[in-house]
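Coordinate analysis (summary)
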Amino acid sequence: MSFISKVTSDRLNNSKFSKYKFEEIKSLKKKLISMYPNKKIIDMGIGEPDNKADINIIDILSKEAVKTENRGYADNGIQEFKQAACKYLSNVYNLKNIDSNTEILHGIGTKSILSMLPLCFINPGDYSLVTTPGYPIIASHTKYLNGKVFNLPLYDYNDFYPNFNAVPEDILYKTKLLYINYPNNPTGQVPTVKLYNQIVSLAHKYEFVVISDAAYAPLVFDGLKPLSFLSVDGAKEVGIEIHTLSKAFNMTGWRLAFAAGNKEIINLYSKVKNNTDSGQFIPIQKAGIYALGHPELTKETCIKYSRRLDMLTEVLQQIGFKVKKPKSTFYCYVPIPKGTKNGITFTSAMDAFKYILENAFISTVPWDDAGAFLRFSVTYTADSIEEEKAIMNSLKERLESLELVF
């Protein structure tokens, strides 16, 4: 054994901290592909857009990348991007009171921003409240700092909203951060003004910071309007909201996001960011300015996801899954089957995931955090409606062959 293992930090010697759920899923898919190279997996586990960014966004990146004045460090971001983000929030969410000078700051993707925020607030013994199932970054980094995590399970019987009454009051008084994500990944549930009012009230009473992850906020369907946490009275006094260009503008790999809201929180984030990265490449920010100025691009994407979710929901219902079309995101979150007609019983979502992957070559994402559920994503690759229909027909045939029992 080398001395490196002896000097490794406790946080990385603890497998709970270093293990990332999706790496295991990718590994299982890779193994299956190597065993059966002629079998095609229907991948409904991917949690990122299937299309590339609009050609105009790509063209701006190309043009700006060759300019000498764009070669340097961006540090905490260019002012033009902050102004574009401010205008975007006004146009899409009717937020008219955001100051681009003090209340907005870019980040190299949502994950980057979330990883820095615990450094602003968490001391040993402090709590972060985190909805689960969900994105683990805030929880992981809270633990890195010897803070504690209190999970807020999102149960079906509570419409996938957190039950704050389940949090002991002594923990609420020790809470520094509350992480929420609505519209929610993986459940697809959408926020309500009532929910946000409740959160603002609690944050004021117990004096904790709210971090609203709005990654899917603009991806809404069937007449629903995007809702921002910051639109609720008192929200900007207690929190910030993180917006990403990944989902709304098919810019996942570009790594561009921004935080908006309370100026004191933004200032603290800027101090950590200054000591963590040197900002996103300026031409990417300039391409992002174009994207933020064209929210109609997101509307086109919503039409596609809504159509695909209609088709997926119909197929899953025909198979026997308990499912209804979500009003947002690109996910369907469904309770697992009990098993199969030939006597196989599923005791967990991971059991169901593995069986469906290995026997029908359909990849999903299992969640066992608050009941046993599978997440189906409609971000599969298809170049036409006809191809979408063909994939759905194949999905149905493969699922039917399993003879699932519900």
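What counts as what
- Residues numbered from 1 in each chain as written.
- Predicted model: local features only at pLDDT ≥ 70, side-chain atom pairs only at ≥ 80, totals over all residues.
- Heavy atoms only, no water.
- Helix = DSSP H or I, 4+ residues; strand = E, 2+ residues; numbered from the N terminus.
- Rg over C-alpha atoms; globule rule 2.2 N^0.38 Å.
- Buried < 20%, exposed > 50% of the residue type's maximum accessible area, 1.4 Å probe, protein only.
- Contact = heavy atoms within 4.5 Å.
- Areas by Shrake-Rupley, 256 points an atom, 1.4 Å probe, with all protein chains shown as cover.
- Pairing = 2+ DSSP bridges.
- Axes fitted to C-alpha atoms, helices over the stretch in contact; angles between N-to-C directions.
- Salt bridge = Lys/Arg side-chain N within 4 Å of Asp/Glu carboxyl O.
- Right-handed = clockwise from strand over helix to strand, strands pointing away.
- Parallel < 35°, antiparallel > 145°, perpendicular 65-115°, else oblique.
- Left-handed = near helix turned anticlockwise from the far one by under 90°.

Scanning the chain from terminus to terminus reveals 17 helices and 14 strands. In summary, the chain has a C-alpha radius of gyration of 22 Å against a globular reference of 22 Å for 406 residues, a match within 12%. Along the first, second and third principal axes, the C-alpha set of the chain runs to 60 × 55 × 50 Å. When the 406 residues of the chain are sorted by exposure, 53% land in the buried category. For the chain, restricting intrachain contacts to residue pairs at least 6 apart in sequence, the fraction spanning at least 24 positions comes to 72%. For the chain, the exposed surface amounts to about 18,900 Å²; the carbon and sulfur share of it is 49%.

Our next topic: the sheet that holds strand β9 (residues 331–335). Reading across from one edge, β9-β13-β12 is the order of the 3 strands in this open sheet, with antiparallel pairing throughout. Strands at the two margins of the open sheet, each flanked by one partner only, are β9 and β12 (365–367). For this sheet the average axis-to-axis angle between neighbouring strands, irrespective of direction, equals 25°. Pairing of β12 with strand β13 (residues 373–377), which is carried by 3 bridges, proceeds in the antiparallel orientation. Bridge pairing in β13 places W367 opposite F373.

Turning our attention to the pattern of salt bridges. Tallied over the entire structure, the rule returns 13 salt bridges. Between K286 and E64 there is a salt bridge, and its shortest N-O distance comes to 3.6 Å. Of this pair, K286 sits in helix α14 (residues 282–292) while E64 is found in helix α5 (residues 55–65), placing the two residues 222 residues apart along the sequence. Classification of E64 as buried rests on a relative accessible area of 12%. The partner of E388 in a salt bridge is R307, and the shortest N-O contact between them spans 2.9 Å. Taken together, the residues E388 in helix α17 (residues 385–402) and R307 in helix α15 (residues 296–319) connect sequence positions 81 residues apart. Overlapping salt bridges bring together D50, K304, R307, R308 and E388 as one network.

Among the 6 residues of strand β3 (residues 127–132), 6 are classified as buried, and the element is accordingly described as predominantly covered. Taking every second residue as pointing to the same face, both faces of β3 are buried, with Y127, L129 and T131 on one and S128, V130 and T132 on the other. Sheet topology places β3 next to strand β4 (residues 148–153); 6 bridges connect them, and they run parallel. Bridging across to β4, S128 finds its partner in V149. The β-α-β motif built from β3, the intervening helix α8 (residues 137–144) and the parallel element β4 has right-handed crossover chirality. Two strands pair when backbone bridges link them, and β3 and strand β5 (residues 175–180) are joined in this way by 4 bridges, in the parallel orientation. Along β5, the bridge assignment pairs V130 with Y179.

A few words on the sheet that holds strand β7 (residues 239–244). One key point about sheets: their strands pair by backbone hydrogen bonds, in either a parallel or an antiparallel sense. Taken together, the 7 strands give an open sheet; going across it, the order is β2-β8-β7-β6-β5-β3-β4, and neighbouring strands pair in mixed fashion. Of all strands in the sheet, those with a lone pairing partner are β2 (104–107) and β4, marking the two edges. Adjacent strand axes in the sheet meet at a mean angle of 20°, parallel and antiparallel pairs treated alike. Taken together, the 4 bridges between strand β6 (residues 209–213) and β7 define a ladder with parallel strand orientation. Bridging across to β7, S212 finds its partner in E241.

Its place among the elements puts L227 in the loop between β6 and α11 (235–238). The partly exposed category is assigned to L227, whose relative accessible area is 21%. For the pair L227 and A217, spaced 10 residues apart in sequence, the C-alpha separation works out to 6.8 Å.

Further remarks concern unusual backbone geometry. Along the chain, T132 connects to P133 via a cis peptide bond; the corresponding omega equals 5°. Structurally, the position occupied by P133 is in the loop between β3 and α8. At the junction of Y182 and P183, the peptide bond is cis and its omega measures out at -10° in the coordinates. Along the chain, P183 falls in the loop between β5 and α10 (193–206). The phi dihedral of E207 is positive, around 55°, even though this residue is not glycine. Note on placement: E207 falls in the loop between α10 and β6. On the basis of relative accessible area, E207 is assigned to the exposed category, the value being 69%. With a phi close to 50°, E403 is a non-glycine residue in the positive phi region. Relative to the helices and strands, E403 resides in the loop between α17 and β14 (404–405).

The contact between helix α16 (residues 349–360) and α17 brings their axes to 10 Å, and the two run at 110°. Taken together, α16 and α17 sit at an angle that is classed as roughly perpendicular. Between α16 and α17 lies a crossing of right-handed hand. Contacts from Y355, I356, N359 and A360 in α16 reach R398, L399 and L402 in α17.

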